[in-house]
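Chain by chain, the residues:
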Amino acid sequence: MTKKRLQWGLLSTARINERLIPCLKKSNHNELLAIASRSRNVADHYAESHGISRAYASYESMLEDPDIDVVYLSLPNSLHKEWVIKCAEAGKHVLCEKPLAISPEEVSEIAEAAKKNEIIVQEAAMMRFHAQTSYVRELVVQEKIGIIRMVRGLFSFTLKRPDDYRFDSKMGGGSLWDLGSYCVSFSRAILGAEPVEVYAIQNDKRGVDLSFSGHLVFSSGVFFHFFSSFDAFAHIEADLLGTEGHIYLDMPWLNRLNRSATIQIVCDDGSKDESTFSDGLDNRKTDRKIYHKVNAYQDEVESMTRSILYGETPVISLKDSFNNISVITALYQSAREGKPIRL
Ligand SMILES: NC(=O)c1ccc[n+]([C@@H]2O[C@H](COP(=O)([O-])OP(=O)(O)OC[C@H]3O[C@@H](n4cnc5c(N)ncnc54)[C@H](OP(=O)(O)O)[C@@H]3O)[C@@H](O)[C@H]2O)c1
């Protein structure tokens, strides 16, 4: 692409836009040009309150604007595929919120439309753009804690908005699509591998999984266990246990500018183990890497921009999204059928 600046349009007035808007405004390579909503009043009010120059009263009308290069798509999950394809057919690149779609078949349709229309589509799973995720991958590759045996992830909060689409299975609701999808993506990314088998249990009292417990087995023998919930105290954490150490992350899948993220690495300190049971619990050293004021949404925007302008390989390929969504649908199948699913 010969342009040096990209013009963006926001497709919907979703709450998550609040994280992207300051990043687009701050970026040297991007300009936030337009907002589209299903309602004229909402679009106009949103444009005025966020300092956006063009307001569209339908998603279609924004896609007809020839000045828009990239669309940030933040609709409920079940609408992603339809609107990513409409954006592609209008010749717009798309940064689409996670999950990119709600079945692997939908991702294939998106990939076909992206190829045909020569545009870039990328899933906006912010955590994958955060420097700490690639750092953990480096630690795994370097065998900093030896051979990985187990990974765990937890992501929960209490969902108190009764009308939220997250309570509607037809809209792609459920705690696995919303929260557990981060855990699955994290495990695949840091292990650099795909699971061969999954097993899951869910609590679906409201027609969607309010709580979900999933297990993945990788061909190397690593076990990954995660828990996601809309029905528990807000908590996030991830950890990895290896043959020679332990890694703990206190903010693996959220990003707050006012809160640092810490990676704690515990290994043997090299001293002689003189404890009664020689269990090694007393001979330890702890290293910490702290990320202050990192804005991973900014990194997500800039990375997408480099892919469009300079052809940089996207952090999350469509094949990667396809694989993540295949694992998620297999986990749902396992929870429904009460048996492990081979992938
Ligand atoms: N990356 C992250 O950190 C992160 C965090 C939160 C959410 N997300 C993702 O972002 C997406 C949006 O989540 P959100 O919680 O921000 O959404 P939200 O606030 O519920 O807003 C969704 C928007 O979609 C539009 N919409 C179109 N048809 C709709 C329908 N039938 N029902 C409801 N809304 C409809 C509405 O905009 P108009 O009325 O303007 O048309 C609405 O404001 C999801 O895919 C979610 O997984 C990502």
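Remember, predicted model here, so these are calculated numbers, not experimental data. Residue positions are counted from 1 within each chain, in the order its sequence is given. Only residues with pLDDT of at least 70 are given local features in this predicted model, and only at 80 or more are side-chain atom pairs given and counted; all residues enter the totals for whole chains, interfaces and linings. Note: side-chain values were computed over all heavy atoms of the structure, leaving out hydrogens and water.

Caption draft 1: Spotlight on empty space enclosed by the protein. Cavities and pockets were defined on a 1 Å grid built from protein atoms only: a cavity is a group of points that admits a 1.4 Å probe but offers it no way out, a pocket is an open group of points flanked by protein on both sides within 12 Å along at least five of seven lines, and a lining residue is one with an atom within 4 Å of any such point. Grid points are joined across faces, edges and corners, and a volume is the space filled by probe spheres set on the points. Taken as a whole, this structure holds two cavities of 30 Å³ or more when the rule is applied. What lines the largest cavity is a set of 15 residues, and nearest its centre among them are E123, A125, S181, S185 and N324. Residue assignment for the lining of the largest cavity shows that the elements contributing at least two residues are α7 (175–191) and α9 (318–337). Under the scheme applied here, ten amino acids are nonpolar (Ala, Val, Leu, Ile, Met, Phe, Trp, Tyr, Cys and Pro), four are charged (Asp, Glu, Lys and Arg), and all others, including Gly, are polar. For the lining of the largest cavity, the residue count by class is six nonpolar, four polar and five charged. Viewed by domain, the lining of the largest cavity spans two of them, domain 1 (6–124) and domain 2 (128–297 + 324–342), each represented by three or more residues. Here the second largest cavity defines a volume of roughly 50 Å³. In terms of lining, the second largest cavity is formed by H130, M251, L254, N255, R256, R259, S260, A261, Y291, K293 and V294. In the lining of the second largest cavity, the residues fall into five nonpolar, three polar and three charged. Each helix corresponds to a stretch of at least 4 residues labelled H or I by DSSP, and each strand to a stretch of at least 2 residues labelled E; elements are numbered beginning at the N terminus. Domain delimitation follows an automatic or database domain assignment.

Caption draft 2: Up close: the sheet that holds strand β10 (residues 223–229). Pairing between strands requires that DSSP locate at least two bridges from one strand to the other. If you walk across this open sheet you meet the nine strands as β14-β13-β12-β11-β7-β10-β9-β8-β15, and the pairing is mixed. Both edges of this open sheet fall to β14 (284–291) and β15 (341–342), since each of them pairs with a single strand only. As paired elements, strand β11 (residues 231–242) and strand β12 (residues 245–249) share four bridges and run antiparallel to each other. Residue pairing across strands places D239 opposite Y248, the latter belonging to β12. Against the sheet, helix α6 (residues 131–141) engages β7 (148–158), β11, β12, β13 (261–268) and β14, with an angle of about 15 degrees to β13. Whether two residues are in contact is decided by their heavy atoms: any pair within 4.5 Å suffices. Between the N-to-C directions of two axes lies an angle of 0 to 180 degrees, each axis being a line fitted to C-alpha atoms and, for a helix, fitted only over the stretch in contact. Relative to strand β8 (residues 195–203), α9 is tilted by about 55 degrees, and along the sheet it contacts β8, β9 (211–218), β10 and β15.

Caption draft 3: The nonpolar core, seen in detail. Ranked by internal contacts, the top residues of the largest apolar core, which has 79 residues, are L11, L73, L240 and L331. With nine residues, α7 is the largest single contributor of residues to this core. Per-domain counts for this core show at least three residues from each of domain 1 (6–124) and domain 2 (128–297 + 324–342). Apart from residues no more than four positions distant in its own chain, L331 is found in contact with L176, V184, V198, Y199, A200, F212, G214, H215, L216 and F226. Core analysis: the second largest hydrophobic core is formed by 25 residues, L32, Y297, M304 and L309 among them. Here, nonpolar core means buried Ala, Val, Leu, Ile, Met, Phe, Trp, Tyr and Cys residues that are tied together by side-chain atoms lying within 4.5 Å of each other. The buried label goes to any residue with under 20% of its type's maximum accessible area, the exposed label to any with over 50%, and the partly exposed label to all in between, with areas taken from a 1.4 Å probe on protein chains only.

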